[in-house]
Amino acid sequence: MTLAQPPQTPQQPGYQPAPQQQVAPQAPPMPTLSKPSSTGLILGIVGVAALGLASVITLFMLAVVFGLGFAVPIAGFLGLFPLAFVVWALLGLDRWEPEPRVALWLSVLWGGTMAVLLTLGLNEFVLQPFFAIPILSTPAFADAIYGILAPAFPALRELVEVGGASTGEAVFSFYGPVIQAPFTEELWKAVPVLVMFLFARKHFDGPIDGFVIAGFSAAGFAYTENILYFGRQLAEVGDASFIFFLRGIMSPFAHVIFTAVGVGLALGFAARRSSRWWILLALPVGLGVSMFLHALWNSASFWVPAGMLGFFIYYGLVQVPICIGALLLVVLLRRFEARLTRLRLDEYAEAGWFSHEESRMLSSSDGRLSLAQWARRKGIRKAMQAYIRIATRLAANRQRAIIGREKLRPVADEARLLGDVAALRSFMATVGGGAPVQVGVGQQLPAPMQGSTPHTQRFATAPGAQAQPWQQGWQYAMAVGGSAPAQSGPSQTQAAPPFGGQQQQPAPQQQPGQPPRQQGGTQGW
């Protein structure tokens, strides 16, 4: 039998101390961020609930009034595919400065319910009985209008000369899709954009916002319209594959382009101005563009020759370039938003709230990706997402103050957002560096100078903002804690001293402006 060996002591040869387990320091909790007033959120939730009820009424109307019956659920399922693709694209566009989710829900539900119901009501109970039918039932007026339209639209002549229709019937077939539908549909689809412009300007800052809100409203309208078209084909023919190809694959963005390129961009550009009175110019111009694009699409069957082959040629020569043009316009506007964000954040950097390297990374897609990757490795992804989101809102808030769009609210919002920025930077620096880090806060920015513009406004560097860049927040944590995304060259930032203390100096063996080296860490930036 083998006896157990007695425990070794430091005096015995071959003594090896038992390995000690290192207990990792507990990470600090995620800071509690400020919350804006909940009044708008409550009203939005009530609106979503009301529009949800209206959607039930709309589906019932499609099934009973239009006689689609049990084809409605099948058509609704088919309509989800183009709707999902459009929503995915719009959410991707909205990632830079996301709109409140409740606003997007309100927009898509409005477009799919109330815009449809109000369009039908205006058409059936106002425009047709009091305008179209009285005029076109008068032979003299019908003949005169037909004489104007027939030379430009060969399909009208074919209806009269070949189909045996009267001039009034031919003109009415043209009036419905080419005049009435663009007018009423674009009018009601524009309501969410109009509401955001007038009553939610805090979240409505420019053309990208207008494009997104208008796009969601148009996407909802197109979904309900697709249910109608798909359901008719299923109920009458039993096959909706061709109409699904035309509307769901070839033209899922048609309604989005009509509304967003017109009224969405127009009111978005007007939101860049200080006065709400710009709506008197922007709204009619935007609606005019939307209605023209809509009418151009709907009128193709009246003037494009060669039947379906001619339509496909028209689609490639006219509609595809319009779609590409809209895409390029959105890309340019997105780049402008990034430059504007950089300009506004640089002003906060000059006042010591950020480093200029932070400003650069927060205002570019590649920079945001690098920040997100670093935060994911450190386990603080949500904090970094909030930090990016709040910094972008801070830049937009500063822009509103500069153009003079609101007088008092930007000041209160700025203080709230800067408090969140300071809390998040300190939290991420502590987690990333492995030890508590105090992060400096900057100086209050001076008010915009009288007569300045968003393009000429500049701010002087805040007094006393002379600390080294490595003392600033998560950038310091990335420098001493490892796993920093590779960057070329040191930062040239001048930043504010750490909060609650004197300026810290780097170790004597380090060059001025460089972060201290720690064992096991890597050099940042």
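Everything discussed here concerns the structure shown above.
Conventions adopted
- Residues numbered from 1 in each chain as written.
- Predicted model: local features only at pLDDT ≥ 70, side-chain atom pairs only at ≥ 80, totals over all residues.
- Heavy atoms only, no water.
- Helix = DSSP H or I, 4+ residues; strand = E, 2+ residues; numbered from the N terminus.
- Buried < 20%, exposed > 50% of the residue type's maximum accessible area, 1.4 Å probe, protein only.
- Contact = heavy atoms within 4.5 Å.
- Areas by Shrake-Rupley, 256 points an atom, 1.4 Å probe, with all protein chains shown as cover.
- Phe/Tyr/Trp six-rings, centres within 6.5 Å; stacked < 30°, edge-to-face > 60°.
- Patch = residues over 30% accessible without salt bridge, like charges linked within 9 Å, V, L, I, M, F, W, Y side chains within 5 Å.
- Salt bridge = Lys/Arg side-chain N within 4 Å of Asp/Glu carboxyl O.
- Lys, Arg positive; Asp, Glu negative; His and termini not counted.
- Charge placed at Lys NZ, Arg CZ, Asp CG, Glu CD.
- Polar contact = N/O pair within 3.5 Å; in protein donor to acceptor, adjacent residues only side chain to side chain.
- Expected span 1.5 Å × (residues − 1).
- Bend = angle between axes of the 7 residues up to and from the residue.
- Core = buried A, V, L, I, M, F, W, Y, C linked by side-chain atoms within 4.5 Å.
- Axes fitted to C-alpha atoms, helices over the stretch in contact; angles between N-to-C directions.
- Parallel < 35°, antiparallel > 145°, perpendicular 65-115°, else oblique.
- Nonpolar A, V, L, I, M, F, W, Y, C, P; charged D, E, K, R; others polar.

### Describing the overall build of the protein chain
Then, number 1: Along its length, the protein chain carries 19 helices and zero strands.
Then, number 2: The proportion of buried residues among the 525 residues of the protein chain is 47%.
Then, number 3: Looking at the protein chain alone, contacts between residues at least 24 apart form 77% of all its contacts between residues at least 6 apart.
Then, number 4: Approximately 26900 Å² of the protein chain is accessible, and the part contributed by carbon and sulfur atoms is 65%.

### Side note on the packing of aromatic side chains
Then, number 1: Counted under the stated rule, the structure contains 15 aromatic pairs.
Then, number 2: Ring geometry for F172 against Y175: centres 6.0 Å apart, planes inclined by 35°, an arrangement best described as tilted. Taken as a pair, F172 and Y175 lie in helix α7 (residues 167–189) at a separation of three residues, close to a single helical turn.
Then, number 3: Taking 5.8 Å as the distance between ring centres and 75° as the angle between the ring planes, the aromatic pair formed by W297 and F311 counts as edge-to-face. In this pair, W297 is assigned in helix α12 (residues 279–298) and F311 in helix α14 (residues 307–350), connecting sequence segments 14 residues apart. For the pair W297 and F311, a shared accessibility class is recorded, and that class is buried.
Then, number 4: What links up through ring pairs into an aromatic cluster is the set W297, W303, F311, F312, Y314 and Y315.

### Observations concerning a positive patch on the surface
Then, number 1: Residues R376, R377, R381 and K382 make up a contiguous surface patch of positive charge.
Then, number 2: Mapped by element, the contributors of at least two residues to the positive patch are α16 (365–378) and α17 (381–402).

### Description of the pattern of salt bridges
Then, number 1: Taken as a whole, this structure holds twelve salt bridges when the rule is applied.
Then, number 2: Of the charged contacts, one joins E225 and R247 as a salt bridge, the two residues approaching to 2.7 Å between their closest N and O atoms. One end of the pair, E225, is in helix α9 (residues 207–236); the other, R247, is in helix α10 (residues 241–250), and 22 residues separate them in sequence.
Then, number 3: Residue E358 pairs with R425 through a salt bridge whose shortest N-O separation is 2.7 Å. You can see E358 sitting in helix α15 (residues 356–362) and its partner R425 sitting in helix α18 (residues 409–433), a full 67 residues away along the chain.
Then, number 4: E358 gets classed as buried once you look at its relative accessible area, which sits at 0%.
Then, number 5: With relative accessibility at 1%, the residue R425 sits in the buried group.
Then, number 6: Among the ionic contacts, a cluster of salt bridges with common partners joins K202, D413 and R416.

### Section: the environment of W96
Then, number 1: Among the structural elements, W96 can be located in the loop between α2 (71–93) and α3 (101–112).
Then, number 2: Residues W96 and S364 lie 268 residues apart in sequence; the distance between their C-alpha atoms is 9.3 Å.
Then, number 3: Filtering out sequence-adjacent residues up to four positions away, W96 remains in contact with R334, E337, A338, T341, L362, S363, S364, S365, R368 and T392.
Then, number 4: At 3.2 Å, the side chain of W96 and the side chain of T341 are in polar contact.

### Comments concerning α10
Then, number 1: Restricting attention to buried positions, one finds in α10 the residues I243, F244, L246, R247, G248 and M250.
Then, number 2: Looking at the buried side of α10, the elements it contacts are α2, α9, α11 (254–270) and α14.

### Structural notes on α11
Along an α-helix, residues three or four positions apart point the same way, because every turn accommodates 3.6 residues.
Then, number 1: Between the first and last C-alpha of α11 there are 24 Å, a value that for 17 residues agrees with the 24 Å anticipated at 1.5 Å per step.
Then, number 2: A260 marks where α11 bends most, by close to 40°.
Then, number 3: Most of α11 is tucked away, with 15 of its 17 residues classed as buried.

### Digging into unusual backbone geometry
Leave glycine aside and you will find that most residues have negative phi; peptide bonds, for their part, are mostly trans.
Then, number 1: Although it is not a glycine, A306 adopts a positive phi angle of roughly 70°.
Then, number 2: Position of A306 relative to the elements: it lies in the loop between α13 (300–303) and α14.

### Quick notes on a nonpolar patch on the surface
Then, number 1: The grouping of F242, F245, I249, M308 and F312 at the surface amounts to a nonpolar patch, some 450 Å² of accessible area in total.
Then, number 2: The set of elements that each furnish at least two residues to the nonpolar patch consists of α10 and α14.
Then, number 3: Among the elements that line the nonpolar patch, the one with the most residues is α10, at three residues.
Then, number 4: Tracing the backbone through its elements, the reader meets F242 in helix α10.

### Side note on the nonpolar core
Then, number 1: If you look at the biggest cluster of nonpolar residues, it comprises 41 residues, and the most contacted ones within it are F197, F204, F211, V256 and L267.
Then, number 2: Mapped by element, the contributors of at least two residues to this core are α2, α3, α4 (114–136), α8 (191–199), α9, α11, α12 and α14.
Then, number 3: In terms of residue count, the dominant contributor to this core is α9 (nine residues).
Then, number 4: Those residues within four positions of L267 in sequence are excluded, and the remaining contacts are V193, L194, F197, F204, I279, A282 and L283.
Then, number 5: In terms of nonpolar packing, the next biggest core, distinct from the first, is built from 29 residues, Y387, I388, L394 and L417 among them.

### A few points about the environment of V102
Then, number 1: By secondary structure assignment, the location of V102 is in helix α3.
Then, number 2: Along the sequence, V102 and L43 sit 59 residues apart, while their C-alpha atoms lie 9.5 Å from each other.
Then, number 3: Not counting residues within four places of it along the chain, the set of residues in contact with V102 comprises L41, G44, I45 and V48.

### Comments concerning the packing of α14 against α17
The angle between the axes and the distance between the axes are what describe a pair of packed helices.
Then, number 1: Remark: α14 packs on α17, axes separated minimally by 9 Å, with the N-to-C direction vectors making an angle of 90°. Between α14 and α17, the angle is such that the two are roughly perpendicular. Contact residues: α14 offers L340, T341, R344, L345, E347 and Y348, while α17 offers A391, L394, A395, R398, Q399 and I402.
Then, number 2: Taken together, the residues that form the contact of α14 with α17 break down as seven nonpolar, two polar and three charged.

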